[in-house]
Amino acid sequence: MSTTTPVHITRETTETKGQYIARVDGIAEPAELTFSIASEKLVIADHTDVPDSMRGMGVGLQLVERLVADAREGNYKILPLCPFVNAQRKKHPEWADVFQG
């Protein structure tokens, strides 16, 4: 990912659902990672979608990194039902503390 292409990630939540939205300057369509809140101690990563215009920029990885950081800060676990999140979990054994399953 180029340092000239900043990624802005925001988090939105309701009582039972949430999403991370990533925006890149100059690209209209955002990327997103959605999750379900199962309990105070568990969120389920449901789906990650990165538009073709952001492919190869590392945006999907940055969304998962934010999810992991928030899980550590909030002291909860992540159940990775999303295939992309699960694949990233397998590539990053240092994240094992926040993943369940």
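None of the values given here were measured: they were computed from a predicted structure. Throughout, a residue's number is its position along its own chain's written sequence, starting from 1. Reporting of local features is limited, given that this is a predicted model, to residues whose pLDDT is at least 70; pairs of side-chain atoms are given and counted only at 80 or more, and all residues count toward the totals for whole chains, interfaces and linings. Heavy atoms throughout the structure, all of them, feed into the side-chain values; hydrogens and water do not.

Moving on, we get to the sheet that holds strand E1 (residues 7-13). When DSSP finds at least two bridges between two strands, those strands are taken to pair. For helices the rule is a DSSP run of H or I covering at least 4 residues; for strands it is a run of E covering at least 2, with both sets numbered from the N terminus onward. With mixed pairing, 5 strands are arranged side by side in an open sheet as E1-E2-E3-E4-E5. Among the strands making up the open sheet, the edge pair consists of E1 and strand E5 (77-80). Looking at each pair of strands side by side, their axes are set apart by 25° on average, direction ignored. Sheet analysis places strand E2 (residues 17-24) next to strand E3 (residues 31-39), joined by 6 bridges and oriented antiparallel. From the neighbouring strand, Ile21 faces E3, where its bridge partner is Glu32. Lines fitted to the C-alpha atoms define the axes, with helices restricted to the stretch that makes contact. Angles between their N-to-C directions range from 0 to 180 degrees.

What follows deals with the environment of Thr48. Tracing the sequence through the fold places Thr48 in strand E4 (residues 42-49). Under the scheme applied here, a residue whose accessible area is under 20% of the maximum for its type counts as buried, over 50% as exposed, and between as partly exposed, the area being computed with a 1.4 Å probe on protein chains only. A relative accessible area of 15% places Thr48 in the buried class. Each C-alpha atom of the pair Thr48 and Tyr20 lies 9.3 Å from the other, and the pair is 28 residues apart in sequence. Setting aside residues no more than four positions away along its own chain, Thr48 makes contact with Glu32, Leu33, Leu63, Cys82, Phe84 and Val85. Should any heavy atoms of two residues lie within 4.5 Å, those residues are considered in contact.

Let us look at the packing of aromatic side chains. Stacked, edge-to-face and tilted labels apply to pairs of Phe, Tyr and Trp rings (six-membered ring for Trp) whose centres lie within 6.5 Å, assigned for plane angles under 30 degrees, over 60, and everything in between, in that order. Going through the model one piece at a time under the given rule, you end up with 2 aromatic pairs. Seen from their ring centres, Tyr20 and Phe35 are 5.5 Å apart, and the 40° between their planes marks the pair as tilted. Residue Tyr20 is located in strand E2, and its partner Phe35 is located in strand E3; the two are separated by 15 residues in the primary sequence. There is no split in this pair, since Tyr20 and Phe35 are both buried.

This next bit is on the packing of helix H1 (residues 59-74) against helix H2 (residues 83-91). Relative to each other, H1 and H2 sit at 75°, their axes nearing to 10 Å. By the angle between their axes, H1 is roughly perpendicular relative to H2. Between H1 and H2, the residues in contact are Gly60, Leu61, Val64 and Leu67 and Phe84, Val85 and Gln88, respectively. Residue polarity follows a fixed list, in which Ala, Val, Leu, Ile, Met, Phe, Trp, Tyr, Cys and Pro are nonpolar, Asp, Glu, Lys and Arg are charged, and the others, Gly among them, are polar. Looking at the contact of H1 with H2 residue by residue, the class counts come to 5 nonpolar, 2 polar and no charged. The labels follow the angle: roughly parallel below 35 degrees, roughly antiparallel above 145, roughly perpendicular from 65 to 115, and oblique for the rest.

In this model, Asn75 sits at a positive phi of 60°, which is unusual for a non-glycine residue. Checked against the element boundaries, Asn75 lands in the loop between H1 and E5. Given a relative accessible area of 52%, Asn75 falls into the exposed group.

Attention now moves to the nonpolar core. To form a nonpolar core, buried Ala, Val, Leu, Ile, Met, Phe, Trp, Tyr and Cys residues must be joined to one another through side-chain atoms within 4.5 Å. Residues Met54, Val59, Leu67, Ile78 and Val85 are the most contacted members of the largest nonpolar core, which totals 26 residues. Among the secondary structure elements, those contributing two or more residues to this core are E2, E3, E4 and H1. Per-element tally for this core: the top contributor is H1, with 6 residues. Sequence-distant contacts of Met54, that is, excluding residues within four places in its chain, are made with Ala22, Arg23, Val24, Ile27, Glu29, Pro30, Ala31 and Val59.

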